[in-house]
Amino acid sequence: MDYRLFALLYSVLNLYSDLVFGLRLTEVRIDKHTVRGNMSRLECKFDLQGESLYSVKWYKDGHEFYRYLPRDSPPGQVFPLNGVRVIQDESNESQVTIGPLELSSSGRYRCEVSAEAPSFQTVSDHGDMLTVALPEEGPRISGGKPRYQIGDKVKVNCTSGLSKPAAQLSWYINGEPSKDSYLRGPLEEESHDGLIRTTLGLEFRIERRHFRKGDLKLKCLASIGTVYWNSNEESVEGERPQRPPALEVKDTKPHTSRAGRVLDSKWTLVLFWGIHTFITIQFLMTR
């Protein structure tokens, strides 16, 4: 058999053997966003496919912080590393629990699994984690007026609480995202401990379409990745038009009740007959 053909067949058989019978990772799960002060569980699941496990090692930014060797006693071993605190009672060959988390816990975490002799096959995979410091208070809206009218200029600011990374701010007018041309900023201010406060302004001139049922609703939303959403909303009234005073129309004619009208007609009849009788008596006396 030609040597080159033999080498090719040998390589194909080795590749096939690795794919069918060799050690392989099935899942490496790293939380993309975590919160300072919380715990996080790093998972590394694998299929030995007939191999014997030699070791599982965990690294952060290239530095080993946890090792699991099933033949050792105890099998788990921790290596000190800034930002990583391993909870050994909750760690084994398939998972590592770390915490309480710090901002320095952010980084790239890698799991490496190795098989025993004779193959000594090694597989690995990684994931990135960002640990955030959440704001202790929601976003604040400042600079608004209790009442506006068409033509007035709205000029307000939304300020987030201190966090890291900085909170992303968004403005909404009557439930709809604000136009980019209305936005001013954002501006970021860093505190002495490295946390960031963000301010985003909103400035526009009010048109009739901005009022819905006489009100204008302004909402500011603060968010950080997938772990934090908080909003604040203000509702202001449009200027109510002044109504002219109602004119009070009075009837200058005397108002007579039905009973009064009947009484008047009786007296008229009596007066008529009185005059008629007087004229008749005068006529008879002259004869």
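One can find the structure itself at the top, above this paragraph.
I will try to describe carefully the structure that is included in this document. All values reported here derive from a predicted model rather than from experimental measurement.

Assigned secondary structure in the protein consists of 2 helices and 18 strands. For the protein, the residues scored as buried account for 31% of the 287 residues in total. Of all intrachain contacts in the protein linking residues separated by at least 6 positions in sequence, the fraction that spans at least 24 positions is 60%. Of the roughly 19,400 Å² that the protein leaves accessible, carbon and sulfur atoms contribute 53%.

This next bit is on the pattern of salt bridges. Inspection of the entire model under this criterion finds 16 salt bridges. A salt bridge links Glu-176 to Arg-212; the shortest N-O distance between them is 3.2 Å. Note that Glu-176 is positioned in strand 14 (residues 176–177) and Arg-212 in the loop between strand 16 (196–205) and strand 17 (215–224), a separation of 36 residues in sequence. Of the residues examined, Arg-212 reaches a relative accessible area of 45% and is grouped as partly exposed. Each of the salt bridges in this network shares a partner with another, and the network as a whole consists of Glu-27, Arg-29, Arg-41, Glu-43 and Lys-45.

The mixed open sheet is built from 5 strands, whose spatial order is 11-18-17-13-14. Whereas interior strands pair on both sides, the edge strands pair on one side only; in this sheet they are strand 11 (147–148) and strand 14. In terms of strand pairing, strand 11 meets strand 18 (residues 228–238) through 2 bridges, oriented parallel. Bridge assignment links Arg-147 to a residue of strand 18, and that residue is Glu-237.

Within the largest apolar cluster, 24 residues are counted, with the highest numbers of intra-cluster contacts made by Val-154, Trp-171, Leu-202, Phe-204, Leu-216 and Leu-218. If you list the elements that add at least two residues to this core, you get strand 12 (153–159), strand 13 (168–173), strand 16, strand 17 and strand 18. By residue number, the principal contributor to this core is strand 17, which donates 5 residues. Those residues in contact with Val-154 that sit more than four places away from it in its chain are Tyr-148, Leu-202, Glu-203, Phe-204, Ile-206, Leu-216 and Leu-218. Among the nonpolar cores identified, the runner-up in size contains 22 residues, and Val-56, Val-96, Cys-111 and Val-123 belong to it.

Relative to the helices and strands, Lys-57 is located in strand 4 (residues 53–60). Discounting chain neighbours no more than four positions away, the residues touching Lys-57 are Glu-64, Tyr-66, Arg-67, Arg-110, Cys-111 and Glu-112.

Reading across from one edge, 1-3-7 is the order of the 3 strands in this open sheet, with antiparallel pairing throughout. Of all strands in the sheet, those with a lone pairing partner are strand 1 (24–29) and strand 7 (95–98), marking the two edges. On average, adjacent strands in this sheet sit at an angle of 10° to one another, irrespective of strand direction. In this structure, strand 1 lies alongside strand 3 (residues 40–47), joined through 5 bridges in antiparallel fashion. Following the sheet pairing, Val-28 is matched in strand 3 by Cys-44.

Trans is the prevailing form of peptide bonds, just as negative phi is the prevailing case for residues other than glycine. Across the junction of Ala-117 and Pro-118, the peptide omega takes the value 15°, indicating a cis bond. Following Gly-185, the chain continues to Pro-186 via a peptide bond in cis, the omega torsion being 10°. Its place among the elements puts Pro-186 in strand 15 (residues 183–190). Unlike most non-glycine residues, Phe-120 shows phi in positive territory, near 50°. Along the polypeptide, Phe-120 turns up in the loop between strand 8 (107–115) and strand 9 (122–132).

The rules behind the values
Residues numbered from 1 in each chain as written. Predicted model: local features only at pLDDT ≥ 70, side-chain atom pairs only at ≥ 80, totals over all residues. Heavy atoms only, no water. Helix = DSSP H or I, 4+ residues; strand = E, 2+ residues; numbered from the N terminus. Buried < 20%, exposed > 50% of the residue type's maximum accessible area, 1.4 Å probe, protein only. Contact = heavy atoms within 4.5 Å. Areas by Shrake-Rupley, 256 points an atom, 1.4 Å probe, with all protein chains shown as cover. Salt bridge = Lys/Arg side-chain N within 4 Å of Asp/Glu carboxyl O. Pairing = 2+ DSSP bridges. Core = buried A, V, L, I, M, F, W, Y, C linked by side-chain atoms within 4.5 Å. Axes fitted to C-alpha atoms, helices over the stretch in contact; angles between N-to-C directions.

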